[in-house]
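Architecture at a glance
As a plain string of letters, each chain reads:
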Amino acid sequence: MSDSSSMMLIGIGGGGSAIARGIRRAFGEGLRFLTIDTDASSATDDDRFLLIGGDRLSGRGSGGDFVAARLAAEDSIGLLDSEVEGVRLAVVVTSLGGGTGGGVTLEAVKRLDSLGIPSIVFATTPFTFEGEDRQRSSRGVMTMIEEAAGATFFMPLDKLVANAERLDDAMRRAVDTMASAVTLFWRLVEKPGYIRLDAERIRHLVSKAGRGRFAAISSQSPERARDISDMLARSPLLATGSGPVRAILCGVLAGDDLRLAEISTISEGVRSAFCGQTTSFELATVNDEDTFSGRISVVLMLFEAGAKDDSGDADDGVVGKKRRKRTARTLGVGPQGRGRFNNAEPTIWNGEDLDIPTFLRRNISLDV
(Lines give C-alpha, C1' and ligand atoms only; values in the text may rest on other atoms or scores of the structure.)
Protein backbone atom coordinates (compact mmCIF):
# COMPACT_ATOMS: atom_id res chain seq x y z
CA MET A 1 0.00 0.00 0.00
CA SER A 2 1.19 3.51 -0.72
CA ASP A 3 0.12 7.08 -0.10
CA SER A 4 -2.17 6.68 -3.10
CA SER A 5 -4.33 4.25 -1.10
CA SER A 6 -8.02 5.10 -1.00
CA MET A 7 -8.04 4.49 2.78
CA MET A 8 -6.65 6.86 5.39
CA LEU A 9 -6.03 6.36 9.12
CA ILE A 10 -6.83 9.45 11.22
CA GLY A 11 -5.90 9.66 14.91
CA ILE A 12 -7.63 12.45 16.85
CA GLY A 13 -6.53 13.88 20.19
CA GLY A 14 -3.83 12.51 22.47
CA GLY A 15 -5.40 9.09 22.96
CA GLY A 16 -6.46 8.61 19.35
CA SER A 17 -3.06 9.70 18.04
CA ALA A 18 -1.33 7.18 20.35
CA ILE A 19 -3.53 4.40 19.01
CA ALA A 20 -2.94 5.51 15.41
CA ARG A 21 0.83 5.47 15.93
CA GLY A 22 0.56 1.95 17.34
CA ILE A 23 -1.34 0.87 14.23
CA ARG A 24 1.30 2.42 11.99
CA ARG A 25 4.11 0.62 13.86
CA ALA A 26 2.28 -2.71 13.65
CA PHE A 27 1.34 -2.37 9.98
CA GLY A 28 4.66 -1.11 8.70
CA GLU A 29 5.53 1.18 5.81
CA GLY A 30 3.05 2.76 3.43
CA LEU A 31 0.01 3.37 5.62
CA ARG A 32 -1.68 6.67 4.75
CA PHE A 33 -1.77 8.42 8.08
CA LEU A 34 -2.79 11.69 9.76
CA THR A 35 -2.93 12.87 13.37
CA ILE A 36 -5.12 15.79 14.47
CA ASP A 37 -4.90 17.65 17.76
CA THR A 38 -5.48 21.03 19.40
CA ASP A 39 -2.14 20.67 21.22
CA ALA A 40 0.84 21.54 19.03
CA SER A 41 3.26 19.75 21.36
CA SER A 42 1.67 16.36 20.65
CA ALA A 43 3.12 16.16 17.13
CA THR A 44 6.08 13.85 16.51
CA ASP A 45 8.73 13.93 13.82
CA ASP A 46 7.12 10.93 12.09
CA ASP A 47 3.59 12.35 12.02
CA ARG A 48 1.70 14.04 9.27
CA PHE A 49 0.09 16.42 11.75
CA LEU A 50 -2.86 18.82 11.53
CA LEU A 51 -3.24 21.47 14.26
CA ILE A 52 -6.87 22.41 14.86
CA GLY A 53 -7.99 25.68 16.46
CA GLY A 54 -4.65 27.44 16.40
CA ASP A 55 -6.19 30.93 16.39
CA ARG A 56 -8.59 30.14 19.24
CA LEU A 57 -6.41 27.90 21.42
CA SER A 58 -2.93 28.98 20.27
CA GLY A 59 -1.82 25.36 20.06
CA ARG A 60 -2.11 24.82 23.83
CA GLY A 61 -4.85 22.19 23.71
CA SER A 62 -8.47 22.27 24.86
CA GLY A 63 -7.77 21.56 28.54
CA GLY A 64 -10.37 18.78 28.51
CA ASP A 65 -13.12 21.25 27.53
CA PHE A 66 -15.45 19.67 24.96
CA VAL A 67 -17.03 23.00 24.01
CA ALA A 68 -13.68 24.71 23.44
CA ALA A 69 -12.47 21.79 21.33
CA ARG A 70 -15.62 21.73 19.22
CA LEU A 71 -15.58 25.48 18.61
CA ALA A 72 -11.89 25.31 17.70
CA ALA A 73 -12.67 22.52 15.26
CA GLU A 74 -15.52 24.49 13.71
CA ASP A 75 -13.07 27.36 13.15
CA SER A 76 -10.52 25.35 11.20
CA ILE A 77 -11.89 21.96 10.19
CA GLY A 78 -11.70 23.09 6.55
CA LEU A 79 -7.95 22.44 6.80
CA LEU A 80 -8.82 18.75 6.63
CA ASP A 81 -10.02 18.99 3.02
CA SER A 82 -6.60 19.07 1.36
CA GLU A 83 -5.34 16.22 3.57
CA VAL A 84 -8.05 13.80 2.43
CA GLU A 85 -7.91 14.38 -1.32
CA GLY A 86 -8.42 11.05 -3.07
CA VAL A 87 -9.57 9.31 0.13
CA ARG A 88 -12.65 7.13 -0.24
CA LEU A 89 -12.75 5.63 3.25
CA ALA A 90 -11.48 7.12 6.53
CA VAL A 91 -10.66 5.02 9.59
CA VAL A 92 -10.84 7.33 12.62
CA VAL A 93 -9.43 6.36 16.03
CA THR A 94 -10.13 8.50 19.08
CA SER A 95 -10.72 8.54 22.84
CA LEU A 96 -13.91 10.08 24.22
CA GLY A 97 -14.71 11.66 27.57
CA GLY A 98 -12.37 14.65 27.43
CA GLY A 99 -12.17 17.65 25.14
CA THR A 100 -10.33 17.16 21.87
CA GLY A 101 -11.28 13.51 21.38
CA GLY A 102 -14.98 14.31 21.50
CA GLY A 103 -15.24 17.81 20.07
CA VAL A 104 -12.80 17.47 17.18
CA THR A 105 -13.88 13.93 16.26
CA LEU A 106 -17.47 15.09 15.93
CA GLU A 107 -16.57 17.93 13.57
CA ALA A 108 -14.10 15.77 11.63
CA VAL A 109 -16.61 13.03 10.82
CA LYS A 110 -19.20 15.65 9.89
CA ARG A 111 -16.68 17.21 7.51
CA LEU A 112 -15.78 13.82 6.02
CA ASP A 113 -19.47 13.09 5.53
CA SER A 114 -19.99 16.41 3.73
CA LEU A 115 -17.09 15.49 1.40
CA GLY A 116 -18.71 12.14 0.59
CA ILE A 117 -16.10 10.14 2.52
CA PRO A 118 -17.60 7.40 4.75
CA SER A 119 -15.84 6.98 8.08
CA ILE A 120 -15.37 4.07 10.46
CA VAL A 121 -14.89 5.40 13.99
CA PHE A 122 -13.12 3.28 16.61
CA ALA A 123 -13.40 5.10 19.94
CA THR A 124 -12.52 4.24 23.52
CA THR A 125 -14.86 5.40 26.28
CA PRO A 126 -13.75 6.29 29.83
CA PHE A 127 -12.94 3.95 32.71
CA THR A 128 -15.79 3.62 35.20
CA PHE A 129 -13.60 5.09 37.93
CA GLU A 130 -13.23 8.34 35.94
CA GLY A 131 -16.68 9.36 37.15
CA GLU A 132 -20.15 10.08 35.87
CA ASP A 133 -19.30 13.47 34.33
CA ARG A 134 -16.84 11.96 31.86
CA GLN A 135 -19.18 9.04 31.23
CA ARG A 136 -22.06 11.40 30.49
CA SER A 137 -19.89 13.54 28.22
CA SER A 138 -18.85 10.42 26.33
CA ARG A 139 -22.43 9.20 25.92
CA GLY A 140 -23.59 12.57 24.65
CA VAL A 141 -20.97 12.84 21.92
CA MET A 142 -21.35 9.17 20.93
CA THR A 143 -24.89 9.86 19.72
CA MET A 144 -23.80 12.91 17.74
CA ILE A 145 -20.83 11.12 16.14
CA GLU A 146 -23.12 8.28 15.18
CA GLU A 147 -25.27 10.65 13.11
CA ALA A 148 -22.40 11.61 10.81
CA ALA A 149 -20.16 8.53 10.77
CA GLY A 150 -20.73 5.51 8.58
CA ALA A 151 -19.93 2.93 11.25
CA THR A 152 -19.09 3.42 14.93
CA PHE A 153 -17.44 1.09 17.44
CA PHE A 154 -17.34 2.36 21.02
CA MET A 155 -15.05 0.33 23.29
CA PRO A 156 -15.04 0.82 27.07
CA LEU A 157 -11.52 1.04 28.47
CA ASP A 158 -12.61 -1.25 31.32
CA LYS A 159 -13.04 -4.05 28.76
CA LEU A 160 -9.78 -3.38 26.92
CA VAL A 161 -7.32 -3.65 29.79
CA ALA A 162 -8.07 -7.23 30.92
CA ASN A 163 -6.45 -7.85 34.33
CA ALA A 164 -3.84 -5.09 34.37
CA GLU A 165 -3.13 -3.92 37.93
CA ARG A 166 -1.16 -0.70 37.38
CA LEU A 167 -2.59 2.32 35.60
CA ASP A 168 0.36 2.72 33.23
CA ASP A 169 0.11 -0.97 32.29
CA ALA A 170 -3.64 -0.61 31.79
CA MET A 171 -3.29 2.39 29.47
CA ARG A 172 -0.51 0.73 27.49
CA ARG A 173 -2.56 -2.46 27.17
CA ALA A 174 -5.63 -0.53 26.03
CA VAL A 175 -3.63 1.28 23.32
CA ASP A 176 -1.93 -1.95 22.22
CA THR A 177 -5.21 -3.89 22.12
CA MET A 178 -6.96 -1.24 20.05
CA ALA A 179 -3.96 -0.82 17.75
CA SER A 180 -3.62 -4.57 17.17
CA ALA A 181 -7.32 -4.99 16.45
CA VAL A 182 -7.52 -2.09 13.97
CA THR A 183 -4.27 -3.23 12.33
CA LEU A 184 -5.83 -6.63 11.67
CA PHE A 185 -8.85 -4.91 10.15
CA TRP A 186 -6.53 -2.83 7.95
CA ARG A 187 -4.70 -5.95 6.76
CA LEU A 188 -8.03 -7.59 6.03
CA VAL A 189 -8.89 -4.82 3.59
CA GLU A 190 -5.48 -4.12 2.06
CA LYS A 191 -3.96 -7.60 1.73
CA PRO A 192 -5.03 -10.09 -0.96
CA GLY A 193 -6.94 -13.21 0.08
CA TYR A 194 -8.75 -16.12 -1.51
CA ILE A 195 -12.05 -14.64 -0.31
CA ARG A 196 -11.37 -10.95 -0.91
CA LEU A 197 -12.89 -7.98 0.84
CA ASP A 198 -11.59 -4.86 -0.86
CA ALA A 199 -11.79 -1.24 0.21
CA GLU A 200 -14.73 -0.48 -2.08
CA ARG A 201 -16.76 -3.32 -0.59
CA ILE A 202 -15.94 -2.08 2.92
CA ARG A 203 -16.86 1.44 1.82
CA HIS A 204 -20.26 0.20 0.70
CA LEU A 205 -20.81 -1.76 3.93
CA VAL A 206 -19.83 0.95 6.40
CA SER A 207 -21.54 3.82 4.61
CA LYS A 208 -24.81 2.48 6.01
CA ALA A 209 -23.72 0.42 8.99
CA GLY A 210 -24.40 2.43 12.15
CA ARG A 211 -23.30 1.38 15.63
CA GLY A 212 -21.61 -1.96 16.08
CA ARG A 213 -19.37 -4.17 18.20
CA PHE A 214 -15.82 -5.11 17.30
CA ALA A 215 -13.22 -7.61 18.50
CA ALA A 216 -10.07 -9.30 17.22
CA ILE A 217 -8.81 -12.67 18.50
CA SER A 218 -5.65 -14.68 17.68
CA SER A 219 -4.55 -18.23 18.49
CA GLN A 220 -1.60 -20.51 17.71
CA SER A 221 -2.82 -23.58 19.59
CA PRO A 222 -3.42 -26.97 17.92
CA GLU A 223 -7.17 -26.31 18.25
CA ARG A 224 -6.82 -22.70 17.17
CA ALA A 225 -10.09 -22.42 15.21
CA ARG A 226 -12.16 -23.87 18.06
CA ASP A 227 -10.32 -21.72 20.60
CA ILE A 228 -11.04 -18.59 18.57
CA SER A 229 -14.74 -19.47 18.30
CA ASP A 230 -14.94 -19.94 22.07
CA MET A 231 -13.05 -16.70 22.81
CA LEU A 232 -15.27 -14.69 20.46
CA ALA A 233 -18.40 -16.09 22.10
CA ARG A 234 -17.05 -15.00 25.51
CA SER A 235 -15.52 -11.66 24.45
CA PRO A 236 -16.62 -8.80 26.73
CA LEU A 237 -16.44 -6.40 23.77
CA LEU A 238 -19.08 -8.44 21.92
CA ALA A 239 -21.24 -9.39 24.89
CA THR A 240 -23.62 -6.44 25.01
CA GLY A 241 -24.82 -3.80 22.61
CA SER A 242 -27.57 -1.27 22.03
CA GLY A 243 -29.62 -3.45 19.69
CA PRO A 244 -29.92 -6.81 17.94
CA VAL A 245 -27.26 -7.86 15.42
CA ARG A 246 -28.43 -7.31 11.84
CA ALA A 247 -25.19 -7.95 9.91
CA ILE A 248 -21.85 -9.63 10.56
CA LEU A 249 -18.46 -9.22 8.90
CA CYS A 250 -15.99 -11.95 9.80
CA GLY A 251 -12.39 -11.74 8.59
CA VAL A 252 -10.02 -14.71 8.93
CA LEU A 253 -6.29 -13.93 8.62
CA ALA A 254 -3.85 -16.84 8.44
CA GLY A 255 -0.86 -18.35 6.67
CA ASP A 256 -0.82 -20.92 3.90
CA ASP A 257 -1.69 -23.66 6.39
CA LEU A 258 -5.28 -22.43 6.80
CA ARG A 259 -7.66 -25.36 6.38
CA LEU A 260 -11.23 -25.36 5.08
CA ALA A 261 -12.34 -27.15 8.23
CA GLU A 262 -10.96 -24.29 10.32
CA ILE A 263 -12.87 -21.70 8.31
CA SER A 264 -16.03 -23.78 8.80
CA THR A 265 -15.43 -24.07 12.55
CA ILE A 266 -15.00 -20.32 12.95
CA SER A 267 -17.95 -19.50 10.69
CA GLU A 268 -20.27 -21.92 12.47
CA GLY A 269 -19.12 -20.67 15.89
CA VAL A 270 -19.81 -17.04 14.98
CA ARG A 271 -23.19 -17.87 13.48
CA SER A 272 -24.17 -19.89 16.54
CA ALA A 273 -23.14 -17.16 18.97
CA PHE A 274 -24.39 -14.04 17.21
CA CYS A 275 -26.66 -14.72 14.22
CA GLY A 276 -30.43 -14.32 14.40
CA GLN A 277 -33.03 -15.21 11.82
CA THR A 278 -32.57 -11.96 9.88
CA THR A 279 -28.81 -11.53 10.33
CA SER A 280 -26.73 -11.29 7.17
CA PHE A 281 -23.24 -12.83 7.27
CA GLU A 282 -20.16 -12.03 5.20
CA LEU A 283 -16.80 -13.81 5.36
CA ALA A 284 -13.40 -12.72 4.03
CA THR A 285 -9.91 -14.23 4.31
CA VAL A 286 -6.32 -13.01 4.13
CA ASN A 287 -3.49 -15.43 3.39
CA ASP A 288 -0.15 -13.96 4.48
CA GLU A 289 2.48 -16.56 5.31
CA ASP A 290 5.07 -14.00 6.41
CA THR A 291 2.78 -12.44 9.03
CA PHE A 292 0.45 -15.22 10.15
CA SER A 293 2.41 -18.44 9.78
CA GLY A 294 1.21 -20.93 12.40
CA ARG A 295 -1.59 -18.78 13.74
CA ILE A 296 -5.06 -17.58 12.92
CA SER A 297 -6.43 -14.13 13.68
CA VAL A 298 -10.08 -13.22 13.34
CA VAL A 299 -11.61 -9.76 13.06
CA LEU A 300 -15.32 -9.70 13.88
CA MET A 301 -17.71 -6.80 13.31
CA LEU A 302 -21.28 -7.04 14.53
CA PHE A 303 -23.49 -4.29 13.13
CA GLU A 304 -26.59 -3.45 15.14
CA ALA A 305 -30.03 -2.26 14.15
CA GLY A 306 -31.07 1.24 15.17
CA ALA A 307 -34.27 2.17 16.98
CA LYS A 308 -36.25 2.67 13.77
CA ASP A 309 -35.29 -0.80 12.58
CA ASP A 310 -37.31 -2.26 15.44
CA SER A 311 -40.39 -0.19 14.62
CA GLY A 312 -41.65 -2.67 12.06
CA ASP A 313 -41.07 -0.68 8.86
CA ALA A 314 -37.39 -1.46 8.25
CA ASP A 315 -36.09 -3.96 5.77
CA ASP A 316 -33.63 -6.73 6.58
CA GLY A 317 -29.96 -5.85 6.98
CA VAL A 318 -28.18 -2.94 8.54
CA VAL A 319 -29.94 0.34 9.18
CA GLY A 320 -28.53 3.00 6.87
CA LYS A 321 -27.32 6.49 7.65
CA LYS A 322 -29.45 7.87 4.84
CA ARG A 323 -32.54 6.30 6.40
CA ARG A 324 -31.74 7.90 9.76
CA LYS A 325 -31.39 11.28 8.07
CA ARG A 326 -34.66 10.86 6.15
CA THR A 327 -36.43 10.03 9.40
CA ALA A 328 -35.00 13.15 11.04
CA ARG A 329 -36.24 15.36 8.21
CA THR A 330 -39.80 14.01 8.42
CA LEU A 331 -39.78 15.06 12.08
CA GLY A 332 -38.73 18.60 11.14
CA VAL A 333 -35.09 18.31 12.14
CA GLY A 334 -32.19 19.23 9.84
CA PRO A 335 -29.48 16.91 8.49
CA GLN A 336 -27.27 17.24 11.57
CA GLY A 337 -30.19 16.91 13.96
CA ARG A 338 -30.08 20.59 15.10
CA GLY A 339 -32.95 22.03 13.03
CA ARG A 340 -33.07 25.85 13.03
CA PHE A 341 -30.01 25.87 15.33
CA ASN A 342 -27.85 24.22 12.64
CA ASN A 343 -25.77 27.34 11.90
CA ALA A 344 -25.70 28.65 15.49
CA GLU A 345 -23.15 28.06 18.22
CA PRO A 346 -24.17 24.80 19.99
CA THR A 347 -25.47 24.80 23.56
CA ILE A 348 -23.43 22.09 25.27
CA TRP A 349 -24.18 20.80 28.76
CA ASN A 350 -22.30 17.77 30.16
CA GLY A 351 -21.26 16.80 26.65
CA GLU A 352 -24.77 16.93 25.15
CA ASP A 353 -25.97 19.37 22.48
CA LEU A 354 -29.16 20.75 24.04
CA ASP A 355 -30.24 22.22 20.70
CA ILE A 356 -30.90 18.66 19.51
CA PRO A 357 -34.33 17.41 20.65
CA THR A 358 -34.13 15.01 23.57
CA PHE A 359 -35.75 12.13 21.70
CA LEU A 360 -32.99 12.30 19.07
CA ARG A 361 -30.17 12.60 21.60
CA ARG A 362 -31.50 9.58 23.49
CA ASN A 363 -32.39 7.53 20.37
CA ILE A 364 -36.09 7.37 21.35
CA SER A 365 -38.38 6.23 18.55
CA LEU A 366 -41.58 8.26 18.09
CA ASP A 367 -44.74 7.07 16.37
CA VAL A 368 -45.48 9.77 13.81
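Residues numbered from 1 in each chain as written. Predicted model: local features only at pLDDT ≥ 70, side-chain atom pairs only at ≥ 80, totals over all residues. Heavy atoms only, no water.

Tallying each qualifying case throughout the model produces 19 salt bridges. With a shortest N-O distance of 3.4 Å, lysine 110 and glutamate 107 are connected by a salt bridge. Of this pair, lysine 110 and glutamate 107 both sit in helix α5 (residues 100-114), three residues apart, which is roughly one turn of the helix. With a relative accessible area of 6%, glutamate 107 lands in the buried category. (Salt bridge = Lys/Arg side-chain N within 4 Å of Asp/Glu carboxyl O. Helix = DSSP H or I, 4+ residues; strand = E, 2+ residues; numbered from the N terminus. Buried < 20%, exposed > 50% of the residue type's maximum accessible area, 1.4 Å probe, protein only.)

As a further point, take the environment of serine 17. The topology assignment puts serine 17 in helix α1 (residues 13-27). Each C-alpha atom, one on serine 17 and one on leucine 34, is 8.5 Å from the other, the two residues being 17 residues apart in sequence. When neighbours within four sequence positions are excluded, serine 17 is seen to be in contact with Gly11, Ile12, Thr35 and Ile36. Reaching out from serine 17, the side chain makes a polar contact with the backbone oxygen of glycine 13 at a distance of 2.7 Å. (Contact = heavy atoms within 4.5 Å. Polar contact = N/O pair within 3.5 Å; in protein donor to acceptor, adjacent residues only side chain to side chain.)

Once that is clear, we can look at helix α12 (residues 260-274). The end-to-end C-alpha distance of α12, which contains 15 residues, comes to 21 Å, matching closely the 21 Å that a straight helix rising 1.5 Å per residue would cover. Residues Glu262, Ile263, Ile266, Ser267, Gly269, Val270 and Phe274 constitute the buried set of α12. Summarising the axial view, the buried residues of α12 lie within an arc of 160 degrees, below the 170-degree limit, and thus occupy one face. Every exposed residue of α12 that faces more than 90 degrees away from the buried side is listed here: Leu260, Ala261, Glu268 and Ser272. Of the surrounding elements, those touching the buried residues of α12 are α10 (224-234), α11 (236-239), β8 (245-254), β9 (280-287) and β10 (296-304). (Expected span 1.5 Å × (residues − 1). Arc of directions from axis to C-beta.)

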